[in-house]
Amino acid sequence: MTMALAEKQSPRERLLQAADQLFYAEGIQSVGIDRVIERAGVAKASLYSSFGSKEELVRAYLDERHQRLLARRRRAAESADSPANAILAMFDQMGSEMKRPEYNGCAFSRATAETPEGGVINDAADRWRADILALYREYAAAAGASDPNGLAIQLRMLADGGSQAGKLDRDPALPGLLRQAVQALLDAELPTPR
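Note that this is a predicted model, so its numbers are computed, not measured.

Student: Residue-level account of the packing of helix H6 (residues 83-98) against helix H9 (residues 148-169), with values.
Tutor: Relative orientation of the contacting elements H6 and H9 amounts to 15°, with a least axis distance of 10 Å. As far as their axial angle goes, H9 and H6 are roughly parallel. In the packing of H6 onto H9, the handedness of the crossing is right-handed. Touching Ile87, Phe91, Met94 and Met98 of H6 are Leu155, Leu158, Ala159, Gly162, Ser163 and Gly166, all from H9. For the contact of H6 with H9, the class distribution of residues is seven nonpolar, three polar and no charged.

Okay, structure coming up:
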């Protein structure tokens, strides 16, 4: 981060940016608050006055990531010429993320795997899963699916698996293969012609 940029951001914004970089790359348990504070270039008091605890910082990091990812998926969908193509566009957008060298899978899955069941971190992951399911359902219904909720659940399962494969396999062919799987599902579940 450049000094000019750092000066324009509030301590809260800098803490969130540092948390996003460190927690996503290394995991929430392996990164202590001292590293986040150091990366953000703020005083320890700023963390506690902004968030109160590490758990609340993690929740805020996940909530911010949630909003950013959901906005990207919506923009991709809105750029398509049909509801079925909107679904494909969302997966294409996900595929572009998977191609990035710093791609490390689903932040929500990673965070919940590192924490006990329940609590604010699980709640943040649940909100993400509900919102992405609702987005898939919206476009599945618009595309004429006889069971929009069932199709949305299948799409979310493909996204979950694609995210995990993207992290573990690092295969550049995965985004295209994920798109093919989504296309096959849409061909099977949506009325023709689209």
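Student: Give a description of the pattern of salt bridges that names residues and reports values.
Tutor: Taken as a whole and assessed by the stated rule, the structure comprises 14 salt bridges. A salt bridge links Arg59 to Asp63; the shortest N-O distance between them is 2.4 Å. Taken together, the residues Arg59 and Asp63, both in helix H5 (residues 54-78) and four residues apart, mark about one turn of the helix. On the basis of relative accessibility, which here comes to 22%, the residue Arg59 falls in the partly exposed class. Exposure remark for Asp63: the relative accessible area of 19% places this residue in the buried category. Notably, a salt bridge pairs Glu97 with Arg72, separated by 3.4 Å at the nearest N-O pair. Of the two residues, Glu97 sits in helix H6 while Arg72 sits in helix H5, which places them 25 residues apart along the sequence.

Student: Outline the environment of Asp160, supporting the account with residue identities and numerical values.
Tutor: Structurally, Asp160 can be placed in helix H9. Separated by 3.0 Å, the side chains of Asp160 and Arg129 make a polar contact.

Student: I'd like to hear about H6, residue by residue, with values.
Tutor: Given a rise of 1.5 Å per residue, 16 residues ought to cover 22 Å, and the 23 Å separating the end C-alpha atoms of H6 matches this to within 8%. Among the 16 residues in H6, twelve count as buried, and that is most of the element. By the burial criterion, the buried members of H6 are Ala84, Ala86, Ile87, Leu88, Ala89, Met90, Phe91, Gln93, Met94, Gly95, Glu97 and Met98. Against H5, helix H8 (119-142), H9 and helix H10 (174-189) lie the buried residues of H6.

Student: Describe in detail the packing of aromatic side chains, supporting the description with residues and values.
Tutor: Inspection of every chain in the model, using the stated rule, returns three aromatic pairs. Seen in terms of ring centroids, Phe23 and Tyr61 are 5.5 Å apart; in terms of plane orientation they differ by 65°. Their pairing is edge-to-face. Within this pair, whereas Phe23 is found in helix H2 (residues 11-26), its partner Tyr61 is found in helix H5, the two being separated by 38 residues in sequence. This pair shows no difference in class: Phe23 is buried, exactly as Tyr61 is. Residues Phe91 and Tyr136 carry aromatic rings whose centres are separated by 5.5 Å and whose planes lie at 15° to one another, so their mutual orientation is stacked. With Phe91 in helix H6 and Tyr136 in helix H8, this pair connects stretches of sequence that are 45 residues apart.

Student: Residue-level account of the environment of Ala125, with values.
Tutor: Relative to the helices and strands, Ala125 resides in helix H8. A sequence separation of 44 residues divides Ala125 from Asp169, and the C-alpha atoms of the two residues are 23 Å apart.

Criteria and cut-off values
- Residues numbered from 1 in each chain as written.
- Predicted model: local features only at pLDDT ≥ 70, side-chain atom pairs only at ≥ 80, totals over all residues.
- Heavy atoms only, no water.
- Axes fitted to C-alpha atoms, helices over the stretch in contact; angles between N-to-C directions.
- Helix = DSSP H or I, 4+ residues; strand = E, 2+ residues; numbered from the N terminus.
- Parallel < 35°, antiparallel > 145°, perpendicular 65-115°, else oblique.
- Left-handed = near helix turned anticlockwise from the far one by under 90°.
- Contact = heavy atoms within 4.5 Å.
- Nonpolar A, V, L, I, M, F, W, Y, C, P; charged D, E, K, R; others polar.
- Salt bridge = Lys/Arg side-chain N within 4 Å of Asp/Glu carboxyl O.
- Buried < 20%, exposed > 50% of the residue type's maximum accessible area, 1.4 Å probe, protein only.
- Polar contact = N/O pair within 3.5 Å; in protein donor to acceptor, adjacent residues only side chain to side chain.
- Expected span 1.5 Å × (residues − 1).
- Phe/Tyr/Trp six-rings, centres within 6.5 Å; stacked < 30°, edge-to-face > 60°.

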